[in-house]
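One letter stands for each residue in the lines below.
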Amino acid sequence: AQSVTQLDSQVPVFEEAPVELRCNYSSSVSVYLFWYVQYPNQGLQLLLKYLSGSTLVESINGFEAEFNKSQTSFHLRKPSVHISDTAEYFCAVSEGTGGFKTIFGAGTRLFVKA
Amino acid sequence: KAGVTQTPRYLIKTRGQQVTLSCSPISGHRSVSWYQQTPGQGLQFLFEYFSETQRNKGNFPGRFSGRQFSNSRSEMNVSTLELGDSALYLCASSLGVGRKRTDTQYFGPGTRLTVL
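Residues numbered from 1 in each chain as written. Chains lettered and ligands numbered in written order. Predicted model: local features only at pLDDT ≥ 70, side-chain atom pairs only at ≥ 80, totals over all residues. Heavy atoms only, no water.

Enquirer: What should I look at first to understand the overall build of chain A in this one?
Expert: Counting its regular elements, chain A contains zero helices and twelve strands. Going from the N terminus to the C terminus, chain A shows its helices and strands as β-β-β-β-β-β-β-β-β-β-β-β. Taking 114 residues into account, the globule formula puts the C-alpha radius of gyration at 13 Å, and chain A, at 14 Å, falls close to it. Taken along its principal axes, the extent of the C-alpha atoms in chain A is 45 × 30 × 25 Å. Burial status across chain A gives 46% buried among its 114 residues. Taking all contacts inside chain A whose residues are at least 6 apart in sequence as the whole, residues at least 24 apart take part in 57%. Surface summary for chain A: the accessible area is close to 5,500 Å², and the carbon and sulfur share equals 51%. Charge separation in chain A, taken as the distance between the mean sites of 8 positive and 10 negative side-chain charges, equals 7 Å. (Helix = DSSP H or I, 4+ residues; strand = E, 2+ residues; numbered from the N terminus. Rg over C-alpha atoms; globule rule 2.2 N^0.38 Å. Buried < 20%, exposed > 50% of the residue type's maximum accessible area, 1.4 Å probe, protein only. Contact = heavy atoms within 4.5 Å. Areas by Shrake-Rupley, 256 points an atom, 1.4 Å probe, with all protein chains shown as cover. Lys, Arg positive; Asp, Glu negative; His and termini not counted. Charge placed at Lys NZ, Arg CZ, Asp CG, Glu CD.)

Enquirer: Explain the pattern of salt bridges here, please?
Expert: Proximity of charged atoms lets side chains of opposite charge pair with each other. A complete count under the given rule lists ten salt bridges over all chains for this structure. Of the charged contacts, one joins Arg-22 of chain A and Asp-8 of chain A as a salt bridge, the two residues approaching to 3.0 Å between their closest N and O atoms. With a gap of 14 residues between them, Arg-22 of chain A in the loop between strand E3 (19-21) and strand E4 (23-26) and Asp-8 of chain A in the loop between strand E1 (3-6) and strand E2 (10-14) connect regions that are remote in the sequence. Between Asp-85 of chain B and Arg-63 of chain B there is a salt bridge, and its shortest N-O distance comes to 2.8 Å. (Salt bridge = Lys/Arg side-chain N within 4 Å of Asp/Glu carboxyl O.)

Enquirer: Whenever I open this one, the sheet that holds strand E1 (residues 5-7) of chain B confuses me. Can you help?
Expert: Residues and elements named next belong to chain B. The sheet built from four strands is open, its strands ordered E1-E3-E8-E7 with antiparallel pairing. With one partner strand each, in any of the chains shown, E1 and strand E7 (64-68) form the two edges of the open sheet. Between one strand axis and the next, the sheet turns by 20 degrees as a mean value, whatever way the strands run. (Pairing = 2+ DSSP bridges. Axes fitted to C-alpha atoms, helices over the stretch in contact; angles between N-to-C directions.)

Enquirer: Even after reading the chapter, I still don't get the interface of chain B and chain A, so can you show me in this structure?
Expert: In many analyses, interface size is given as the accessible surface area lost on bringing the parts together. If you look at the interface, chain B gives 24 residues, while chain A gives 21 residues. On inspection of chain B and its partner chain A, the count reaches zero salt bridges. At the junction of chain B with chain A, the criterion picks out three residue pairs in polar contact (both at pLDDT 80 or more). Broken down by secondary-structure element, the contributors of at least two residues to the side of chain B that touches chain A are strand E4 (31-38), strand E5 (42-50), strand E6 (53-57) and strand E9 (87-94) of chain B. With four residues, the single largest contributor to the side of chain B that touches chain A is E4 of chain B. Residue composition of the side of chain B that touches chain A, grouped by class: seven nonpolar, nine polar and eight charged. (Polar contact = N/O pair within 3.5 Å; in protein donor to acceptor, adjacent residues only side chain to side chain. Nonpolar A, V, L, I, M, F, W, Y, C, P; charged D, E, K, R; others polar.)

Enquirer: When you look at the confidence of the model for chain A in this model, what are you seeing that I'm missing?
Expert: In low-pLDDT segments, the atomic positions of the prediction should not be examined closely. For chain A, mean pLDDT is 89; residues scoring 70 or higher make up 94% of the total. Element-level pLDDT for chain A is lowest in strand E7 (residues 56-58) of chain A, with a mean of 86, against a maximum mean of 97 in E3 of chain A. (pLDDT = per-residue confidence, 0-100.)

Enquirer: Just to check I follow, could you spell out the nonpolar core for this structure?
Expert: Within soluble globular proteins, side chains that are nonpolar generally end up buried alongside one another. In terms of nonpolar packing, the biggest core is built from 27 residues, with Leu-33, Trp-35, Leu-47, Leu-48, Phe-74, Leu-76 and Tyr-89 of chain A touching the most fellow members. If we ignore the near neighbours within four places in the chain, the residues touching Tyr-89 of chain A are Gln-6, Leu-21, Trp-35, Tyr-36, Val-37, Leu-47, Phe-63, Leu-76, Gly-107, Thr-108 and Leu-110 of chain A. Counting residues in hydrophobic clusters, the runner-up holds 21 residues, among them Ile-26, Phe-47, Met-76 and Leu-81 of chain B. (Core = buried A, V, L, I, M, F, W, Y, C linked by side-chain atoms within 4.5 Å.)

Enquirer: What's the story with the packing of aromatic side chains in this structure? I'm lost.
Expert: Each aromatic ring pair is characterised by the separation of its centres together with the angle its planes make. All told, the structure shown has twelve aromatic pairs over all chains when counted by the stated rule. Pairing Phe-60 of chain B with Phe-64 of chain B gives two aromatic rings, centres 5.2 Å apart and planes at 65 degrees, and the pair type is edge-to-face. You can call Phe-60 of chain B buried: its relative accessible area is 15%. Taken together, the aromatic side chains of Phe-34, Tyr-36 and Phe-104 of chain A together with Tyr-35, Phe-45 and Phe-107 of chain B make up a single cluster linked through ring pairs. Positioned above the aromatic ring of Phe-50 of chain B, the side-chain terminus of Arg-55 of chain B is 4.2 Å from the ring centre. (Phe/Tyr/Trp six-rings, centres within 6.5 Å; stacked < 30°, edge-to-face > 60°. Lys NZ or Arg CZ within 6 Å of the ring centre and 35° of its normal.)

Here it is in structure tokens:
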């Protein structure tokens, strides 16, 4: 069965500092990997996704994630964070079979301090 | 293009009652998935509907049910509410076609259900 582990429940960081949010998954079949962001009182928004091809994927707002098959990881990074990046971030995995059954990690709350 | 809409946004019920939540997907999307989000359990998959048929189901009791209409709008129903059903219920829509899960899910703002 697939599962997702986000190793940090909270990550405090100063503005303009780099950040890494860690995510490990387990699955016996090929997977698709996602990072979602949730701002307070809102639904989830897709940040980026890995489906196939290049193992490094980027979002339009400066985040990137690298798929590492040998370490079964999909860590999210940003070289310089802004106050507006404060939110909860969810790593998710979906197996390549018919229909959606996305499994989410517990979430990491990123708190950017001035 | 309008996003995913969920109604109502907030709901307060008492134990033993039943509740129906509604989700209108993005126009043209045929897949609707439901998730329950709680502080203790995080985001958990409830079920997915595609073309009026339940295609996938999570590990929830039979009190949780859903359906999808011909216009792709979906409802989920929870009967005999328990205190533990208090949660944010999120709906997500996607095109849903093709065997591989490569299309993006778009989430609604959620319905916050409080059971007293």
